[in-house]
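Tertiary structure, described
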Amino acid sequence: MGIEEKLPAGILLSTVETIVGLSRKSSVWPATFGLACCAIEMMSTGTPRHDIARFGMERFSASPRQADLMIVAGRVSQKMAPVLRQIYDQMPEPKWVIAMGVCASSGGMFNNYAILQGVDHVVPVDIYLPGCPPRPEMLLDAIIKLHDKIRHTPLGANAKRQYSAEEDLALAAPATIEMTGLLR
């Protein structure tokens, strides 16, 4: 009992956003940016045990011009930050970023002048993946969540509306220095 039996006369109605979302989701090529111990876990997702090829992502690109997902795995030093930004700028649109590990997300245990306290100071991050180091299963779960986000990304006027609403929300948020909570 296939899909052709459920469709009347073989006609399927959909929107362009849905078709583009499904095709983008199924053709994500990651750029490797492994900087520390998290890179070993990222590499192990390509092994047969975890098999990232299930998602059409078996081709880890060394060229940023052929990749649309950057997985930043590990701590980013101040000297490496401009290189990271340059590689991000060379990637074609649309592009996504996963910050893999606590060091990439927030600097981790390296609270000093040499390590960037979160890669989101340099590039916009779509998915934060916690852990020290995070397991390959966690990376696969983050990729599945990113696929869902890619699949539901609006196009055209709908995208402009969503981006302006997100920007207004970000501008209305209080500054980090004004926030109160557990650390204050």
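For the structure, check the block above.
One structure accompanies this document, and this report is about it. Since the model is a prediction, treat every value here as computed from it, not as a measurement.

**Comments concerning the sheet that holds strand S1 (residues 30–34)**
What links the strands of a sheet is backbone hydrogen bonding, and the strands pair in either a parallel or an antiparallel sense. Spatially, the four strands line up as an open sheet ordered S1-S2-S3-S4, and their pairing is parallel. Unpaired on one side and paired on the other, S1 and strand S4 (127–129) mark the two borders of the sheet. Ignoring which end each strand starts from, the neighbouring axes of this sheet average 15° apart. Across five bridges, strand S2 (residues 69–73) lies against strand S3 (residues 96–100) in parallel orientation. Along S3, the bridge assignment pairs Val-72 with Ala-99.

**Points about the pattern of salt bridges**
Applying the stated criterion to the full structure yields six salt bridges. Close ionic contact of Lys-95 with Glu-93 constitutes a salt bridge, the shortest N to O distance being 3.8 Å. Classification of Glu-93 as exposed rests on a relative accessible area of 63%. Overlapping salt bridges, with partners in common, bring together Glu-41, Arg-135 and Glu-137 in one network.

**Remarks on unusual backbone geometry**
For the peptide bond that leads from Glu-93 to Pro-94, omega is -10°, which places it in the cis range. Of note, the phi angle at Asp-51 is positive, near 55°, even though the residue is not glycine. Considering the arrangement of structural elements, one finds Asp-51 in the loop between helix H3 (38–44) and S2. Given the relative accessible area of 29%, Asp-51 is considered partly exposed.

**Some words on the nonpolar core**
Of all hydrophobic cores here, the largest spans 20 residues; its most connected members are Met-57, Leu-69, Ile-98, Met-100, Leu-139 and Leu-146. Secondary-structure elements contributing two or more residues to this core are H3, S2, S3, S4 and helix H6 (136–151). For Leu-139, the residues in contact, after removing those within four places along its chain, are Met-42, Thr-45, Ile-71, Ile-98, Met-100 and Leu-129. Grouped together as the second largest cluster of nonpolar side chains are 16 residues, Ala-81, Val-97, Ala-99 and Ala-104 included.

**What about the pairing of S3?**
The side chains of a regular strand alternate between the sheet's two faces. In terms of burial, S3 is largely enclosed, as five of its five residues are buried. Neither face of S3 is exposed, since Trp-96, Ile-98 and Met-100 on one face and Val-97 and Ala-99 on the opposite face are all buried. Each parallel crossover has a hand, and the one from S2 via helix H4 (residues 81–90) to S3 is right-handed.

**Focus: the packing of aromatic side chains**
The geometry of an aromatic ring pair comes down to the distance between the two centres and the angle between the two planes. Going through the model one piece at a time under the given rule, you end up with zero aromatic pairs. Above the face of the Tyr-88 ring, Lys-95 is positioned so that its terminal group lies 4.3 Å from the ring centre.

**Quick word on the packing of helix H2 (residues 16–25) against H6**
Each pair of packed helices can be described by the angle between their axes along with the distance between the axes. Contact geometry of H2 with H6 gives a least axis separation of 8 Å together with a crossing angle of 155°. In terms of axis orientation, H2 runs roughly antiparallel to H6. The two elements H2 and H6 meet at a crossing, and its hand is right-handed. Within the contact between the two elements, H2 uses Gly-21, Leu-22, Arg-24 and Lys-25 and H6 uses His-147, Ile-150 and Arg-151. Residues that form the contact of H2 with H6 fall into these classes: two nonpolar, two polar and three charged.

So, how was this worked out
Residues numbered from 1 in each chain as written. Predicted model: local features only at pLDDT ≥ 70, side-chain atom pairs only at ≥ 80, totals over all residues. Heavy atoms only, no water. Pairing = 2+ DSSP bridges. Helix = DSSP H or I, 4+ residues; strand = E, 2+ residues; numbered from the N terminus. Axes fitted to C-alpha atoms, helices over the stretch in contact; angles between N-to-C directions. Salt bridge = Lys/Arg side-chain N within 4 Å of Asp/Glu carboxyl O. Buried < 20%, exposed > 50% of the residue type's maximum accessible area, 1.4 Å probe, protein only. Core = buried A, V, L, I, M, F, W, Y, C linked by side-chain atoms within 4.5 Å. Contact = heavy atoms within 4.5 Å. Right-handed = clockwise from strand over helix to strand, strands pointing away. Phe/Tyr/Trp six-rings, centres within 6.5 Å; stacked < 30°, edge-to-face > 60°. Lys NZ or Arg CZ within 6 Å of the ring centre and 35° of its normal. Parallel < 35°, antiparallel > 145°, perpendicular 65-115°, else oblique. Left-handed = near helix turned anticlockwise from the far one by under 90°. Nonpolar A, V, L, I, M, F, W, Y, C, P; charged D, E, K, R; others polar.

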